[in-house]
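Structure at a glance
One-letter residues, chain by chain:
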Amino acid sequence: MEQRAVVTAGTGGIGLETAVGLAAAGLSVTVVGRDADRGARALERIRAVAPATEPAFVAADLASLDGVRTLAGRLAADGPLKVLVNNVGGMFADHRRTVDGIEASFVLNHLSPYLLTELLLDPLRAARPSRIVNVNSGAVRAAKPRFDAVEPPGGYYGFHWYARAKLANLAYTLDLAERLRSTGVSVFAADPGGAATEMTDNGTAGSSAIVSPGLRLVWPLVRRAIERSTSGPASLAARSSVFAATDASLDGRTGLLIGARSRPVSPHRRSTDRRTVDDVLRLSRQWAPVTSG
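This one's a predicted model, so the numbers in the text were calculated from it and none came from an experiment.

Regarding the pairing of strand E3 (residues 56-59)
Two elements, strand E2 (residues 28-33) and E3, share four bridges in a ladder whose sense is parallel. Its bridge partner being in E3, Val-32 is matched across the sheet by Val-58. Regarding the hand of the β-α-β motif, the stretch spanning E2, helix H2 (residues 36-49) and E3 is right-handed.

Observations concerning the packing of aromatic side chains
Tallying each qualifying case throughout the model produces two aromatic pairs. Judged by centre distance (5.0 Å) and plane angle (80 degrees), the rings of Tyr-114 and Tyr-172 are edge-to-face. One end of the pair, Tyr-114, is in helix H4 (residues 104-119); the other, Tyr-172, is in helix H6 (residues 158-179), and 58 residues separate them in sequence. Residues Tyr-114 and Tyr-172 agree in their burial class; the two are buried. Look at Tyr-156 and Trp-161: their rings are 4.7 Å apart centre to centre, the planes differ by 65 degrees, and that puts the pair in the edge-to-face class. For the pair Tyr-156 and Trp-161, one class covers both residues: buried.

Side note on the sheet that holds E3
Spatially, the eight strands line up as an open sheet ordered E3-E2-E1-E4-E5-E6-E7-E8, and their pairing is mixed. Unpaired on one side and paired on the other, E3 and strand E8 (264-265) mark the two borders of the sheet. As judged from the four bridges shared by strand E4 (residues 83-86) and strand E5 (residues 130-135), these two strands associate in the parallel manner. Paired with Leu-84 across the strands is Ile-132, a residue of E5. Helix H1 (residues 13-24) contacts strand E1 (4-8), E2 and E4 of the sheet and is inclined by roughly 170 degrees relative to E1. Sheet strands touched by H2: E2 and E3. Its angle to E3, the strand with the most contacts, is close to 160 degrees.

Side note on unusual backbone geometry
Arg-128 connects to Pro-129 through a cis peptide bond whose omega is 5 degrees. Here Pro-129 shows up in the loop between helix H5 (121-126) and E5. Residues other than glycine seldom take positive phi values, yet Ala-9 does so here, at roughly 50 degrees. Secondary-structure assignment places Ala-9 in the loop between E1 and H1.

About the thresholds
- Residues numbered from 1 in each chain as written.
- Predicted model: local features only at pLDDT ≥ 70, side-chain atom pairs only at ≥ 80, totals over all residues.
- Heavy atoms only, no water.
- Pairing = 2+ DSSP bridges.
- Helix = DSSP H or I, 4+ residues; strand = E, 2+ residues; numbered from the N terminus.
- Right-handed = clockwise from strand over helix to strand, strands pointing away.
- Phe/Tyr/Trp six-rings, centres within 6.5 Å; stacked < 30°, edge-to-face > 60°.
- Buried < 20%, exposed > 50% of the residue type's maximum accessible area, 1.4 Å probe, protein only.
- Contact = heavy atoms within 4.5 Å.
- Axes fitted to C-alpha atoms, helices over the stretch in contact; angles between N-to-C directions.

Here it is, written out as structure tokens:
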């Protein structure tokens, strides 16, 4: 029987390399993205690596929560789902809101993958043993765990807000793993480390404006560290996601953060703090309700 996998933001960078890795492992991969031309090129690349599989492309705007709901309905209609990789994410130099009126980095890095995952739990249960992989980031160490509101107090600094959204998603991921324990659906977070991708190439990660004033004096040193860590190929950065999604050593296990060297690492302590988890879940249910009622 065909085993399906879905990779969001799968038409380029780490997402495409993840899709290629899953196809090489024998999965029938659907890549999700915004641009049909990029989608077509992604499918060509996947077919070249895994000619025995038949990949598919689905267009969706994951910055729109209604778009996520529409996507989930389409994917669920295709039947059981073996692997879901939530690769979508983004960091922005300037404060921006989505069509739903919510700060963009919180949507792309947390609310969108949260909602898609919750809406696809039935197809994932139908394919069990199955896996959910949420791509995270070492940036969580720079996050303040304030989740009493969808936007933190104070000024907008893209790197810190990105880190906060990734922390929210990590807290959700580890809590979801406990919720689904013994159901046959395993849940992992994957930290790709660094890679040269569109997010790091567009200048956002190099601007001191994305960090709070207290860090700007040391930002040149931090920026050089980022440049070193993001100089590797996306194919290398995708290894943690592919490992989390396919490796037999993880059979029967759940609730792990897979590090850049494709082995479990300890998650940041804030991601398991009960108050943080409860606040993240409350915000998620408030701003991205799973049911319309």
